[in-house]
Amino acid sequence: MTSVTGTVPAGYVGAVASIGAEDVPALYEGAKFYSSAVGDANRSSLTSWLTGLLERNGPVPLRRVETVDPDTPCVSVCVLGSGSALADLPPAGDEFEMAIRQIERLQGVRFGAVYPLAAATVSALVPIVAAAQLGVPLIDADGMGRTFALIHHTAMHLAGLSPTPLVAFGPTGESVLVEAPDGRRADRLLRSNVDTLGGWAALAAYPTTAGLLRHAALPGTVSRIANVGRLLLERTDPDLLVSRLGAITGCRRLARGRIVELEHLSRPSDGTIPAHPSSLVVDETGGLERQLRIELRSEVVAVFADGALAAGAPDLVCLVDVSRGKLATLDSLELGDLVDVIVTPADAIWYSAEGMEMVGLGSHGISLKHPRRR
Amino acid sequence: MRTRPSTLPITLGELVRIPPLAAADGLHLADPSRRVEQVVLAETFERLRRCTPHVLVVLHNEAATGGWSLAAALHLAWERNVTAVVVSRTVASPSSAALAERLNMSLLVIDTDPVNVALQLAGQVSAPAAARALRQAMCAERLAEQTSIRGVLGVLNSELQGIPVALVMAETVVAGRAVAVQPRPNVERVEVEVHGPGERPWGRLVAAVPAHGPAAAEQVAKLLRLARPSLQAAWAHTRLDSSSRAEHEQAAFAMLRRLAAQPGDEAGGGSGEPASGRPGDPTAARCGDASGDIDVPAWSSELGWQIGSANRAIWLAPVHPTGEPPEEVTHLVRASWQRGRTGWPLIVQGDGWVSWHSGADPDDVAPVRRAVAAFRDSAAAHDLVIGVGRAHRGVPGLLRSVAEARLAAHVARERGPAAVQWFDQVGPQAALAWLPISEIAQVADLCLSDLMNARDRVALVQTVLAVLDCGGSLSQASLRLGVHRNTVLARLSRARQLGLTFDEPAQRLALHVLCYTLVSMWTESHGYPQTGAAGGPGVAPPGWPHTGRRTA
C-alpha cells in the first residue's frame with residue numbers, strides 16, 4: 001500500500017493524494033455539484049460517519065489509476081436506490097464491506113483498491129468508507145464522471161467490462177448476488193430487489209483490475225469533486241465562483257434569470273428512465289432576455305433557450321442561487337429565485353454515439369439533436 | 001392585378017373567424033394577414049423541421065407532450081417561418097404564450113381533437129372561396145344582430161382585426177376607429193357608400209387595409225357592403241326614436257356648453273349654470289373671446305354631429321316666445337328642418353331650437369342659405385323666425401355662433417314670422433332687441449302716468465324719440481316724422497309738461513330707452529292706437545332704428 005504523502009490544507013485547489021476527515025465537507029459539496037438534484041437529507045449522518053471513520057482509521061490514500069499495479073483487483077461501490085430511504089433507514093455500517101467481501105468470496109480474490117461507480121452524490125463518499133474499512137487505497141477514477149440513473153450507464157460498460165458479478169447488500173443484512181452477462185439485464189434484476197432490501201442497498205460491482213480500469217474508467221474524478229467542493233465552500237461572489245469552477249470543470253454560465261414558473265408533474269413519465277418530468281421556466285435577466293425552459297427529471301436533463309435546445313443530457317446542468325451564492329438543489333427552488341444556470345460538459349465519452357444513445361436526450365424522451373452533435 | 005380571387009390563399013385572420021379556429025384561443029396572434037398555404041399535422045419534430053414557410057402546424061402526439069416540446073416546437077416553427085402553431089390547450093402554459101409572443105409566432109390553443117381540427121383546416125385551406133363565403137355568412141349573421149351604429153362598427157372592427165373601419169359623414173368620423181381615415185403609408189383605403197332615405201348619400205364606410213394582403217381589399221369591401229343594411233336600419237331606428245334622441249342631443253349639447261365653459265370657470269369667470277342664451281349669459285360672453293381649442297368629444301360624433309373648422313349655427317325661434325316649445329312642435333320642426341339634411345342636429349334650447357352646419361370654408365354660406373330657404377315655408381307655418389350666426393372654429397366657435405344666431409333671431413322677431421336675420425348684418429343695434437319691453441313699459445306706467453294717460457301719447461313719444469335719435473335737431477326730426485317743425489316744437493313742449501324732460505342730461509338716456517321701448521311695443525303689438533298720430537294706424541313711422549319694419 002502506498003504511503004500517504006500528507007494532507008492538503010482545506011481551500012487549496014490542486015492534486016489530492018489522500019482523503020482525510022477534513023476533506024469530507026469539500027467532497028460532499030463537490031459530489032453535490034455533480035448531481036444537484038439530490039437533497040441534503042443524508043448530509044449530517046453520512047458525513048459524520050465518514051469523518052469519524054477517517055479520524056479513527058486515518059486518511060484514505062487516493063491513487064491515480066496508472067500508479068496502481070495493473071494486476072491489482074479493484075471493485076466499484078455505490079449507493080443503489082433512494083436517497084430518502086437511506087435517510088430513513090441509515091446504514092448499519094458494514095453494508096459496503098460485506099458486499100465487497102461477497103464478491104471476493106465468489107471470485108476468490110482480494111481487492112487491492114476500491115473505486116466509485118459514480119463520483120457524485122453520496123455514492124462519491126461511500127467508496128471512501130469502504131476503502132477505510134478495507135484498508136485499501138481509493139482509485140481517483142469513476143465510471144460516470146457524474147451520476148446516471150442506471151448501473152450500466154458507465155464508461156466501463158462502454159469499454160466492454162461487465163458489471164457482474166455484483167452484490168447488493170441491504171441495511172437489513174440481506175443481500176442479492178446478480179450474475180448476468182448483459183448490463184441492462186443486470187440493472188433490471190437488481191432494481192426489482194432494491195425495494196425488498198429496504199429501499200436502498202450498498203452495491204459492489206464491476207470487479208476488474210487496475211490495468212483494465214486505466215482504459216475503462218474516467219480518471220481524476222474524485223480529486224475533481226474535492227477541488228470543486230473547496231471552491232463551493234468558499235461562498236464567494238457567484239460571478240467569481242462560476243469562473244473558478246469553469247477552470248476546474250469547464251463549466252460556463254448559460255444565463256442568469258428569475259424563476260417565473262414551476263410545472264410539477266404535468267405529464268406522464270416518458271423515456272426509459274424512471275422519473276417524474278417537470279419543468280422550470282426562467283426569464284433571463286439582462287443579455288438576450290431569453291425565456292429558459294429547464295426540464296427536470298431526477299436531474300436537469302435539458303435547457304431550452306427560447307425553445308432552442310441550449311444544453312441537455314449528458315451535459316451536467318446545475319443552478320446556483322445567486323442571492324446565497326451556493327448551489328440550489330431542485331427541491332429548494334421557489335418562484336422568483338434568481339439563479340445562474342451552469343452547464344458543465346460531461347466526460348467526452350458520453351458524447352460518443354454509444355454514450356448518447358445510453359444517456360443522451362433520447363433516453364429522457366427528448367427526441368432532439370444534442371447541441372454538441374448538430 | 002387581381003385575377004381569380006377565389007384561388008388566393010386564405011389568411012390566418014380569415015381562418016380564425018370560422019370554425020374550428022373560431023373556438024380557439026389565440027394566445028398570441030402575430031400577423032393575421034399572413035397567408036396559410038398548407039396545413040401540417042406534425043407528430044414529430046422531424047416533421048416540423050421539414051415544414052415550408054406559410055404553413056399552419058397542428059401539433060399532435062410526440063410534438064405535443066407539453067413543457068419542453070411546445071417550446072421546442074415554437075422555436076422550430078419560428079425557424080421554418082411557419083404562419084401559426086395550433087396545439088391542445090392542455091399542453092400550453094403561460095410561459096408558452098410568453099415564448100410565442102417573444103418569437104412573434106402565432107399560437108392558438110384548441111379544446112378539440114387536433115387531428116379533426118387539422119382535417120377541417122386542410123379542407124378550408126384547399127377551398128379558400130368556400131371558407132370565405134362561410135366567414136361572410138357568419139359575419140352577416142352577427143351584423144344582423146346589431147341594433148346600433150356603434151354595434152355594427154364594433155362587429156366590423158372585430159371581424160376585420162388589424163384593419164380599422166370608420167363611418168364617415170362629410171369628413172367627420174361618426175363611429176368606429178378614426179385611424180381608418182388617417183393617411184398612412186402602405187395602406188389601401190376601401191370605401192363603401194351608405195345611402196340614407198331617398199337614396200341620398202348619407203355616409204361612407206372607410207377601411208384602411210394594409211397593402212400587402214392581396215385578397216384583403218376585396219374581402220373588406222364585401223364585408224363593408226354586408227354591413228350597409230344593418231347600418232341603415234340602426235340609423236333609421238335612432239331617427240324613429242325621436243323623443244329619446246332629442247333628450248340625448250339636448251344633454252349632449254349641455255355637456256358641450258359645460259366643456260366650453262370650463263376654462264372660464266378656472267379663471268373665475270362664470271357659473272356652471274345652463275346658458276340662457278341671452279347676450280349677458282356666461283357662455284355667450286365667453287364665446288366672444290374663446291380662443292383656446294377644445295377637442296371635439298367623441299360622443300358628439302356618435303350623435304352624427306359634425307364640429308369642424310367652420311361651424312355656422314342657425315337658431316329657430318317662435319316670434320312670440322312662450323317658454324320651452326311643446327314636444328309635438330319640436331317634432332314637426334325637426335321633420336321639416338331635417339328634410340334632406342338628416343345629418344344636421346336640432347336641439348331644443350330655451351324657447352327655440354338650435355342647429356348648425358360644419359364645413360371647411362368659413363365663407364361658404366350656400367348650404368345654410370339652401371337650408372334656410374327650404375325651411376321658410378315651415379317657419380311661416382309655425383310662426384318662427386330664423387337667426388344665423390357667423391362661422392367659427394371648433395367647439396368654442398360653435399357656441400359663439402349659437403349665441404350670435406340667437407341674437408340674430410331676436411332681432412328677426414321685429415319682422416315677424418319667417419324672417420331671416422344673419423348676424424353679420426345685425427351689428428351693435430342687436431342690443432336693443434334684448435330690452436325687456438314689458439318691464440320698461442311698466443316703468444313708464446308708474447313714473448310717467450300723466451303721459452301714459454294722455455290720448456296723444458303715441459305722437460308725443462314718437463316725436464321725442466325722433467328728436468333724440470336726430471341728436472336734438474328739430475328740422476331733421478320734423479323731416480323724419482313728416483310734420484311741420486312747429487308741430488314738433490309744440491309736441492315737445494307738451495311732452496315736457498307730461499314729464500318727458502328729455503333735455504335734462506341726467507335723464508336723457510333713460511328717456512331715450514323708454515321712448516324706444518314704448519314705440520317698439522306699440523309697433524309690435526297692435527299697431528298704433530288711434531291717437532291722431534302722424535303715421536296713422538298700423539304704419540310705422542319712417543326712419544326707425546331698425547332696418548326692417550313690420551309692413552303687414
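The rules behind the values
Residues numbered from 1 in each chain as written. Chains lettered and ligands numbered in written order. Predicted model: local features only at pLDDT ≥ 70, side-chain atom pairs only at ≥ 80, totals over all residues. Helix = DSSP H or I, 4+ residues; strand = E, 2+ residues; numbered from the N terminus. Contact = placed C-beta atoms within 7 Å. Buried ≥ 20, exposed ≤ 12 C-beta atoms within 10 Å, placed from the backbone. Nonpolar A, V, L, I, M, F, W, Y, C, P; charged D, E, K, R; others polar. Pairing = 2+ DSSP bridges. Axes fitted to C-alpha atoms, helices over the stretch in contact; angles between N-to-C directions. Expected span 1.5 Å × (residues − 1). Arc of directions from axis to C-beta. Core = buried A, V, L, I, M, F, W, Y, C linked by C-beta atoms within 7 Å. Parallel < 35°, antiparallel > 145°, perpendicular 65-115°, else oblique. Left-handed = near helix turned anticlockwise from the far one by under 90°. pLDDT = per-residue confidence, 0-100.

## Description of the overall build of chain A
Move 1: The helix and strand tally for chain A stands at 11 helices and 18 strands.
Move 2: Counting only contacts in chain A whose residues sit at least 6 apart along the sequence, the fraction spanning at least 24 positions is 73%.

## Remarks on the overall build of chain B
Move 1: The secondary structure content of chain B amounts to 20 helices and 16 strands.
Move 2: Relative to its full complement of 552 residues, chain B shows a buried share of 44%.
Move 3: In chain B, of all internal contacts separated by at least 6 residues, the share reaching a separation of at least 24 is 63%.

## Observations regarding the interface of chain B and chain A
Move 1: Each partner contributes to the interface: chain B provides 18 residues, whereas chain A provides 21 residues.
Move 2: Sorting the residues of the side of chain B that touches chain A by element identifies α3 (68-79) and α4 (94-103) of chain B as the ones contributing at least two each.
Move 3: Counting residues per element, the side of chain B that touches chain A draws most heavily on α4(B), which supplies 6 residues.
Move 4: Classifying every residue of the side of chain B that touches chain A by side-chain character gives 9 nonpolar, 7 polar and 2 charged.

## A look at the sheet that holds strand β4 (residues 38-42) of chain B
Residues and elements named next belong to chain B.
Move 1: Taking strand neighbours across the sheet as the criterion, the 5 strands line up as β2-β7-β6-β5-β4 in an open arrangement whose pairing is mixed. Where the open sheet ends on each side, the last strands, each with one partner, are β2 (25-28) and β4. Neighbour-to-neighbour, the strand axes of the sheet open up by a mean angle of 25°, direction not taken into account.
Move 2: Here 3 bridges tie β2 to strand β7 (residues 106-110), and the two strands are oriented antiparallel to one another. Paired with Asp 25 across the strands is Val 109, a residue of β7.
Move 3: Contacts between helix α5 (residues 114-126) and the sheet are confined to β4, β5 (55-59), β6 (84-88) and β7, with β4 contributing the most and set at about 165° to the helix.

## Quick word on helix α4 (residues 95-107) of chain A
Residues and elements named next belong to chain A.
Move 1: The terminal C-alpha atoms of α4 lie 19 Å apart, and with 13 residues this matches the ideal 18 Å at 1.5 Å per residue to within 8%.
Move 2: Of the positions making up α4, those classed as buried are Glu 95, Phe 96, Ala 99, Ile 100 and Ile 103. Within α4, the buried residues cover an arc of 135° as seen down the axis, which keeps them to one side.
Move 3: Where α4 is buried, its residues touch β3 (73-81), α5 (126-134), β7 (166-169), β8 (175-178) and β9 (200-209).

## Regarding the environment of A:Ile342
Residue and element names in this part refer to chain A.
Move 1: With respect to the helices and strands, the residue Ile 342 is situated in strand β18 (residues 338-344).
Move 2: The class for Ile 342 is buried, based on 26 C-beta atoms found within 10 Å.
Move 3: Taking the C-alpha atoms as reference points, Ile 342 and Arg 253, separated by 89 residues in sequence, lie 4.5 Å from one another.
Move 4: In contact with Ile 342, not counting residues within four places along its chain, are Val 242, Cys 251, Arg 253, Cys 318 and Val 320.

## Brief notes about the nonpolar core
Move 1: The biggest cluster of nonpolar side chains holds 170 residues, and the ones touching the most others in it are A:Val77, A:Leu203 and B:Val57.
Move 2: Top contributing element to this core by residue count: α3(B), with 9 residues.
Move 3: Those residues in contact with B:Val57 that sit more than four places away from it in its chain are B:Val40, B:Ala42, B:Leu48, B:Cys51, B:Ala77, B:Val82, B:Val85 and B:Val86.
Move 4: In this structure, B:Ile307, B:Trp344, B:Trp353 and B:Ala403 belong to the second largest nonpolar core, which totals 44 residues.

## With respect to the packing of helix α9 (residues 221-233) of chain A against helix α10 (residues 238-249) of chain A
Residues and elements named next belong to chain A.
Move 1: In the contact formed by α9 and α10, the axes pass within 10 Å of each other and the chain directions differ by 170°. Of the possible angle classes, the one that applies to α9 and α10 is roughly antiparallel. Of α10, the residues touching α9 (which contributes Arg 224, Asn 227, Val 228 and Leu 231) are Leu 241, Arg 244, Leu 245, Ile 248 and Thr 249.
Move 2: Along the lines of polarity and charge, the residues of the contact of α9 with α10 split into 5 nonpolar, 2 polar and 2 charged.

## Considerations on the environment of B:Ser96
All names here are of chain B.
Move 1: Along the chain, the position of Ser 96 falls in helix α4.
Move 2: Taking the C-beta count within 10 Å as the criterion, Ser 96 has 27 such neighbours and is therefore assigned buried.
Move 3: The spatial distance from the C-alpha of Ser 96 to the C-alpha of Gly 67 is 8.3 Å, given a sequence separation of 29 residues.
Move 4: Those residues in contact with Ser 96 that sit more than four places away from it in its chain are Leu 27, Leu 70, Ala 71 and Leu 107.

## Examining the sheet that holds strand β8 (residues 165-169) of chain B
Two strands in a sheet stick together by hydrogen bonds in their backbones, pointing the same way (parallel) or opposite ways (antiparallel).
Residue and element names in this part refer to chain B.
Move 1: With antiparallel pairing, the 4 strands of this open sheet are ordered in space as β9-β8-β11-β10. Two strands in the sheet have a free side with no partner beyond their single neighbour: β9 (172-176) and β10 (187-195). Strand-to-strand twist in this sheet, taken as the mean axis angle between neighbours without regard to direction, amounts to 30°.
Move 2: In this structure, β8 lies alongside strand β11 (residues 201-210), joined through 4 bridges in antiparallel fashion. For Ala 166, the partnering residue across the bridge sits in β11 and is Val 206.

## A short note on unusual backbone geometry
Glycine aside, negative phi is the norm for most residues, and most peptide bonds take the trans geometry.
Move 1: Here A:Ala313 and A:Pro314 are connected by a cis peptide whose omega angle stands at 10°.
Move 2: Among the secondary structure elements, A:Pro314 is positioned in the loop between β15 (308-312) and β16 (316-321).
Move 3: The phi torsion at B:His54 lies on the positive side, around 65°, for a residue other than glycine.
Move 4: Structurally, B:His54 can be placed in the loop between α2 (45-49) and β5.
Move 5: The phi angle at B:Ala418 is positive, at roughly 70°, despite the residue not being glycine.
Move 6: With respect to the helices, strands and loops of the structure, B:Ala418 is situated in the loop between α14 (394-412) and β16 (420-422).

## Focus on the packing of helix α2 (residues 43-57) of chain A against α5(A)
Residues and elements named next belong to chain A.
Move 1: At a minimum axis separation of 10 Å, α2 and α5 run at an interaxial angle of 30°. Relative to α5, α2 is oriented roughly parallel. The way α2 lies across α5 gives a crossing that is left-handed. Where α2 abuts α5, its residues Leu 50, Leu 53, Leu 54 and Asn 57 lie against Ile 128, Val 129 and Ala 132.

## Notes on the pairing of β9(A)
Residue and element names in this part refer to chain A.
Move 1: By the criterion of burial, β9 is predominantly enclosed, with 9 of the 10 residues buried.
Move 2: Pairing analysis gives 8 bridges linking β3 to β9, with the strands arranged antiparallel. Opposite Pro 73, over in β9, you have Thr 209 as the bridge partner.
Move 3: Where β7 lies against β9, 3 bridges are found, and the strand directions are antiparallel. Paired with Phe 169 across the bridge in β9 is Ala 202.

## Quick look at the confidence of the model for chain A
Residue and element names in this part refer to chain A.
Move 1: Residue-level pLDDT values for chain A average 87, and 90% of them are 70 or greater.
Move 2: Throughout residues 1-12 the model reports pLDDT below 50, and contacts reaching past four residues in sequence, or to other chains, amount to 20 contacts.
Move 3: Here residues 266-272 scores under 50 on pLDDT; set against residues more than four positions off or in separate chains, the count is 18 contacts.

## Thoughts on the environment of B:Val426
Residues and elements named next belong to chain B.
Move 1: Structurally, the position occupied by Val 426 is in the loop between β16 and α15 (437-447).
Move 2: Under the C-beta neighbour-count criterion, Val 426 is labelled partly exposed, with 19 such atoms within 10 Å.
Move 3: Taking C-alpha positions, Val 426 is 9.4 Å from Ala 412, a pair spaced 14 residues apart along the chain.
Move 4: Setting aside anything within four residues of it in sequence, one finds Val 426 in contact with Leu 407, Ala 408, Val 411 and Gln 421.

## As for the confidence of the model for chain B
Residues and elements named next belong to chain B.
Move 1: For chain B, per-residue confidence averages 80 on the pLDDT scale, and 85% of positions sit at 70 or higher.
Move 2: In the predicted structure, residues 527-552 sits below a pLDDT of 50 and forms 47 contacts with residues beyond four places in sequence or in another chain.
Move 3: Note on the complex model: pTM 0.63, ipTM 0.82.

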